[in-house]
Amino acid sequence: DTAVSQTPKYLVTQMGNDKSIKCEQNLGHDTMYWYKQDSKKFLKIMFSYNNKELIINETVPNRFSPKSPDKAHLNLHINSLELGDSAVYFCASSQVASGGARGQYFGPGTRLTVL
Amino acid sequence: GNSVTQMEGPVTLSEEAFLTINCTYTATGYPSLFWYVQYPGEGLQLLLKATKADDKGSNKGFEATYRKETTSFHLEKGSVQVSDSAVYFCALVRSNDYKLSFGAGTTVTVRA
């Protein structure tokens, strides 16, 4: 009965490879997000989709491309991976139509290690 | 723009001690305020929230009161347990917005 799930949980890959992380939520929310958490635990939003439409696109390299096939899914594809991409990536969802005041719900995270 | 400032950690306490983590914010309008907790190796969980001035959020023995006059949302717990060891994040979202702004996080370690 996981509310927000991500796969894989761990991802170890070589520099220059292309990889994807998948996220699914079963909360019926209309908005999904990707966050990056660095080694110092600092959280930074990367992207947000509302009803499959991109609404937040922070200053993220264009090697990162989100895709939302439907309201319940938001995937993150990363091209030409670099060492600095190593981090924990969190997916989250919220019901924006009711206002952001209800908070966001986070997945368990994907720990990406680029060698 | 919006910003959240938390007290720096790490914070180390003994079991049953009193915990306070300070959080102040800068935002236009009337933001909603949140505390999230991240246990080791896990994602963030919403711990508590408050949506207007003088609201008190509470959960699992933790409390925080939305103080507009001091733009603060300090987290408190009267008697911590080892299981409270985690990273705590203060966050805000402006009204009619959906973009969460997080503080830097405070690592709390409770010793038996």
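This structure is a prediction, so every number in the text was calculated from the model and none was measured.

**Student:** Would you mind going over the overall build of chain A with me for this structure?
**Tutor:** Check the secondary structure of chain A and you find 0 helices and 11 strands. Secondary structure elements in chain A, listed N-terminal to C-terminal, are β-β-β-β-β-β-β-β-β-β-β. Relative to the globule expectation of 13 Å for 115 residues, the C-alpha radius of gyration of chain A, 13 Å, shows essentially globular dimensions. Structurally, chain A occupies a C-alpha span of about 40 × 25 × 25 Å along its principal axes. Sequence-distant contacts in chain A: of pairs separated by 6 or more residues, those separated by 24 or more amount to 55%. Accessible area of chain A: about 5600 Å², with a carbon and sulfur share of 50%. Charge-centre separation for chain A: the mean point of 13 positive side chains lies 4 Å from the mean point of 10 negative side chains.

**Student:** Honestly, the state of the cysteines in this entry has me stumped. Any pointers?
**Tutor:** By definition, a disulfide is the covalent link that joins the sulfur atoms of two cysteine residues. Residue and element names in this part refer to chain A. Counted under the stated rule, the structure contains 2 disulfides over all chains. There is a disulfide in this structure between Cys23 and Cys91, and the S-S distance comes to 1.8 Å. Residues Cys23 and Cys91 share a disulfide whose torsion about the S-S bond is about -80 degrees; that sign makes it left-handed. You can see Cys23 sitting in strand S3 (residues 19-25) and its partner Cys91 sitting in strand S9 (residues 87-94), a full 68 residues away along the chain. Residue Cys23 is classed as buried on the basis of its relative accessible area of 2%.

**Student:** What is the right way to look at the interface of chain A and chain B in this model?
**Tutor:** Contact residues are listed per partner, giving 23 residues for chain A and 20 residues for chain B. A buried area of about 1700 Å², summed over both sides, lies between chain A and chain B, and 62% of it is on carbon and sulfur atoms. Counting every contact that joins chain A to chain B gives 2 residue pairs in polar contact (both at pLDDT 80 or more). Of all elements in the fold, only strand S4 (31-37), strand S5 (43-50), strand S6 (53-57) and strand S10 (105-106) of chain A reach the threshold of two or more residues within the side of chain A that touches chain B.

**Student:** Can you walk me through the nonpolar core in this structure?
**Tutor:** In globular proteins that are soluble, nonpolar side chains generally tend to be buried together. By size, the foremost hydrophobic cluster in this structure holds 26 residues, and its most contacted members are B:Trp35, B:Phe73, B:Leu75 and B:Tyr88. Sort the elements by how many residues they give to this core and strand S10 (residues 86-93) of chain B lands first, with 4 residues. Counting residues in each nonpolar core, the second largest holds 20 residues, with A:Met46, A:Leu81, A:Leu112 and A:Val114 among its members.

Definitions and cut-offs
Residues numbered from 1 in each chain as written. Chains lettered and ligands numbered in written order. Predicted model: local features only at pLDDT ≥ 70, side-chain atom pairs only at ≥ 80, totals over all residues. Heavy atoms only, no water. Helix = DSSP H or I, 4+ residues; strand = E, 2+ residues; numbered from the N terminus. Rg over C-alpha atoms; globule rule 2.2 N^0.38 Å. Contact = heavy atoms within 4.5 Å. Areas by Shrake-Rupley, 256 points an atom, 1.4 Å probe, with all protein chains shown as cover. Lys, Arg positive; Asp, Glu negative; His and termini not counted. Charge placed at Lys NZ, Arg CZ, Asp CG, Glu CD. Disulfide = S-S within 2.5 Å. Buried < 20%, exposed > 50% of the residue type's maximum accessible area, 1.4 Å probe, protein only. Buried area = accessible area lost by both parts, 1.4 Å probe. Polar contact = N/O pair within 3.5 Å; in protein donor to acceptor, adjacent residues only side chain to side chain. Core = buried A, V, L, I, M, F, W, Y, C linked by side-chain atoms within 4.5 Å.

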